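Descriptive structure summary
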Amino acid sequence: MRVLLVEDDRELGSAVSASLTGEGYAVDWLTDGASATTSLATTTYDLVLLDLGLPKQDGLSVLRALRARSDTQRSVPVLIATAMDSVKDRVEGLDAGADDYLVKPFSLEELHARVRALIRRRNAVASNSIVHGVLAFDLQSRQASVDGVALELSAREAAILEVLLLRSGRAVSKEQLLDSLFAWDRDITLNAIEVYVHRLRKKLEPAQIVVRTFRGLGYCIEKAEPVRS
Ligand code: CA
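I will try to describe carefully the structure that is included in this document.

Evaluation of the coordinates by the stated rule reveals two cavities of 30 Å³ or more. If you add up the space inside the largest cavity, you get close to 60 Å³. Around the largest cavity sit Leu-5, Val-6, Glu-7, Leu-12, Val-16, Leu-49, Leu-50, Asp-51, Ala-81, Lys-104 and Phe-106, which together line it. Of all the elements in the fold, those that place two or more residues in the lining of the largest cavity are strand S1 (2-6), helix H1 (10-22) and strand S3 (47-50). Of the residues contributing to the lining of the largest cavity, the split by class is eight nonpolar, no polar and three charged. Forming the walls of the second largest cavity are Tyr-25, Arg-116, Ile-119, Leu-139, Arg-142 and Glu-162. Partitioned by chemical class, the residues of the lining of the second largest cavity number three nonpolar, no polar and three charged. Structurally, the lining of the second largest cavity is a two-domain feature, drawing no fewer than three residues from each of domain 1 (2-122) and domain 2 (129-221).

Following this line, the structure appears as structure tokens:
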């Protein structure tokens, strides 16, 4: 899951960026509104964490420009995190298209929970536990288990499994996986995605969970057909 963090306070931005990275998100951190708008035009995000008081272009105007677009990225969940705490500010932010509003100072724990909630809602998932056949995946701990037994996955494998499960039944392209998993500062190729998917497949095989490849479209997770004898 890839998050765009727009925060001009260096200390807070650095703390939030580090904490979200620690939670397994790929985080792109920008410190002004204009570059946020540029970045939103070229990169697909799963969530935007937006400050309102920003240099070059204020947060509300970034949000309004985003919601006025005509592509799918226009509906990316936006969580406003700001020191502006009047009722008028909140109403204005939510009416401009924000999905949630968090007033500074906030606890990182609460921020994480709100981020998870928005990502669940975006993907029409009701709880933190996604169940797929014998496989269960916990969005909070990022732990997968098969029939209740923990599955040993690397952080990357777990991140790929999370994206595939949140979009199960739909094909996810390698480019989308790359976008979801890595921030700008990581120099990762599409081949690396293939390697991670290959490893994940091997680990899911005993549970008869299949990651199908659709040529030209990407990967899709599905339950294996029962073996016919
Ligand atoms: Ca600010």
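Once that is clear, we can look at the packing of helix H7 (residues 174-181) against helix H8 (residues 190-204). Helix packing for two helices is described by the angle between their axes and how far apart those axes are. One way to put it is that H7 packs onto H8 with a least axis distance of 9 Å and a crossing angle of 90 degrees. Taken together, H7 and H8 sit at an angle that is classed as roughly perpendicular. Each of Lys-174, Glu-175, Leu-177 and Leu-178 in H7 lies in contact with H8, whose residues at this interface are Leu-190, Ile-193, Glu-194 and Val-197. By residue class, the composition of the contact of H7 with H8 is five nonpolar, no polar and three charged.

Turning to the sheet that holds strand S9 (residues 149-151), a few remarks are in order. In a beta sheet, neighbouring strands pair by backbone hydrogen bonds and run either parallel or antiparallel. As summarised here, the arrangement of the four strands in space is S6-S7-S8-S9, forming an open sheet in which the pairing is antiparallel. For this open sheet the edge positions go to strand S6 (129-132) and S9, each flanked by a neighbour on one side alone. Shown here is a sheet whose adjacent strand axes are inclined to one another by a mean of 30 degrees, direction ignored. Where strand S8 (residues 143-146) and S9 come together, three bridges link them in antiparallel fashion. Looking at S9, one finds that Ala-144 is bridged to Leu-151. Contacting S6, strand S7 (135-138) and S8, helix H6 (residues 155-166) runs over the sheet at an angle of about 105 degrees to S7.

The subject of this paragraph is the sheet that holds strand S2 (residues 26-30). The five strands lie next to each other as S2-S1-S3-S4-S5, forming an open sheet whose pairing is parallel. Two strands lie at the open edges of the sheet, namely S2 and strand S5 (100-103), each paired on one side alone. Across the sheet, the mean angle from the axis of one strand to that of its neighbour is 20 degrees, orientation sign disregarded. Where S3 lies against strand S4 (residues 78-82), three bridges are found, and the strand directions are parallel. Its bridge partner lying in S4, Val-48 is registered against Val-78. Of the strands in this sheet, S1, S2 and S3 are in contact with H1, which crosses S2 at around 170 degrees.

Rules used throughout
Residues numbered from 1 in each chain as written. Predicted model: local features only at pLDDT ≥ 70, side-chain atom pairs only at ≥ 80, totals over all residues. Heavy atoms only, no water. 1 Å grid on protein atoms, 1.4 Å probe; cavity = no way out; pocket = protein on both sides within 12 Å on 5 of 7 lines; lining within 4 Å. Points joined across faces, edges and corners; volume = space filled by probe spheres on them. Helix = DSSP H or I, 4+ residues; strand = E, 2+ residues; numbered from the N terminus. Nonpolar A, V, L, I, M, F, W, Y, C, P; charged D, E, K, R; others polar. Domains from an automatic or database assignment. Axes fitted to C-alpha atoms, helices over the stretch in contact; angles between N-to-C directions. Parallel < 35°, antiparallel > 145°, perpendicular 65-115°, else oblique. Contact = heavy atoms within 4.5 Å. Pairing = 2+ DSSP bridges.

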